[in-house]
Amino acid sequence: QYGSVLPQIKTVRLEENIAEKIARLNRTTTARDMYDLAWIANTPAISKSLDLALIRRLAVLKIWVDTNGMHAGSMAWSPGHEGSTFGAEHWLRVRDKNEFDLEDIGALTVPVPSTSELCDAVRFGFAFLADMDNDEQTLAESNERDRSLAIRLLQDLPDGRLANIGLYWPSYELLRFVFGRLEVPQFGS
């Protein structure tokens, strides 16, 4: 169709992008993130190909690091969202229509879905967030004292990107490097 083979483009793995939206929705309700997650949940070709355990793990780690900060080598990420914990029940709640600015969706879709349609799709499609293992439940409390657990889980992410880099508080740049470099699944191959 394009006359030649298109080059591979390094992108953020979809699971990491979804985890970022989950972390943001843990702090505030943005209609565009709710729309994106509802669209993913309602698109079986995508939703069935996702590593749900990785999404949940990344979301918990992102929220923990947002709250507590981290360092690696000369790079530092200061805490950005003090006191943010992750409670699946709270996250999966029916959100009040007053929490949404539906104009935030812009021209993504016409007609704009209702807040109840968005909530239902996200609550159903992301119910797996409530299936946290013991380590994730511990980190979801965002306690500073669990730093060694956070470091271990970061080091155990797929492809061992953080295995031997001297991690002791991650930085935004480091996490962007690590999460952005996870292998991107090739659909249709």
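A quick note: this is a predicted structure, and the numbers were derived from the prediction, not measured. (Residues numbered from 1 in each chain as written. Predicted model: local features only at pLDDT ≥ 70, side-chain atom pairs only at ≥ 80, totals over all residues. Heavy atoms only, no water.)

> Explain the overall build of the chain to me, using residue names and the numbers behind them.
Summing up its helical and strand segments, the chain has nine helices and two strands in all. Helices and strands appear in the chain in the N-to-C order α-α-α-α-β-β-α-α-α-α-α. Taken across its 189 residues, the chain has 43% of its residues classed as buried. Sequence-distant contacts, at least 24 apart, represent 71% of the contacts inside the chain between residues at least 6 apart. (Helix = DSSP H or I, 4+ residues; strand = E, 2+ residues; numbered from the N terminus. Buried < 20%, exposed > 50% of the residue type's maximum accessible area, 1.4 Å probe, protein only. Contact = heavy atoms within 4.5 Å.)

> Summarise the environment of Ile18; cite the residues concerned and give the values.
Its location among the elements puts Ile18 in helix α1 (residues 14-27). Accessibility expressed as a relative area gives 0% for Ile18, which makes it buried. A sequence separation of 37 residues divides Ile18 from Ile55, and the C-alpha atoms of the two residues are 6.8 Å apart. When sequence neighbours within four positions are dropped, the list of residues in contact with Ile18 reads Leu37, Ile40, Leu50, Ile55 and Phe126.

> Go over the packing of aromatic side chains, please, and point to the residues and values.
Tallied over the entire structure, the rule returns two aromatic pairs. A network of ring pairs unites the aromatic residues Trp91, Phe126 and Phe128 as a single cluster. (Phe/Tyr/Trp six-rings, centres within 6.5 Å; stacked < 30°, edge-to-face > 60°.)

> Provide a residue-level description of the pattern of salt bridges, including the pertinent values.
Per the counting criterion, the structure on display carries 14 salt bridges. Among the ionic pairs, Glu20 bridges to Lys62, the shortest N-O distance being 2.9 Å. Highlighted residues: Glu20 in helix α1 and Lys62 in helix α4 (residues 52-68), separated in sequence by 42 residues. Classification of Glu20 by relative accessible area gives partly exposed; the value is 28%. (Salt bridge = Lys/Arg side-chain N within 4 Å of Asp/Glu carboxyl O.)

> Explain helix α2 (residues 31-41) to me, and be specific about the residues and the numbers.
Buried within α2 we find Ala31, Asp33, Met34, Tyr35, Leu37, Ala38 and Ile40. The inward-facing, buried residues of α2 abut α1, α3 (44-47), α5 (88-91) and α6 (115-125).

> Any details on the confidence of the model for the chain? Residues and values, ideally.
For the chain, per-residue confidence averages 82 on the pLDDT scale, and residues scoring 70 or more make up 78% of the total. The least confident element of the chain is helix α9 (residues 172-180), whose mean pLDDT is 49; the most confident is helix α7 (residues 134-140), at 97. Contacts of residues 169-174 to residues separated by more than four positions or lying in other chains number 30 contacts, the stretch itself having pLDDT below 50. Contacts of residues 181-189 to residues separated by more than four positions or lying in other chains number 14 contacts, the stretch itself having pLDDT below 50. (pLDDT = per-residue confidence, 0-100.)

> Can you tell me about unusual backbone geometry, naming the residues and giving the values?
Of note in this structure, Ser142 is not a glycine but carries a positive phi near 60°. Residue Ser142 is classed as buried on the basis of its relative accessible area, which comes to 8%.

> Any details on the packing of α2 against α6? Residues and values, ideally.
Running from N to C, α2 and α6 point in directions that differ by 60°, and their axes come no closer than 8 Å. Between α2 and α6, the interaxial angle falls into the category oblique. Crossing of α2 over α6 shows left-handed handedness. On α6, the residues that touch Met34, Tyr35, Leu37, Ala38 and Ala41 of α2 are Leu118, Cys119, Ala121, Val122 and Gly125. Residue classes in the contact of α2 with α6 are distributed as nine nonpolar, one polar and no charged. (Axes fitted to C-alpha atoms, helices over the stretch in contact; angles between N-to-C directions. Parallel < 35°, antiparallel > 145°, perpendicular 65-115°, else oblique. Left-handed = near helix turned anticlockwise from the far one by under 90°. Nonpolar A, V, L, I, M, F, W, Y, C, P; charged D, E, K, R; others polar.)

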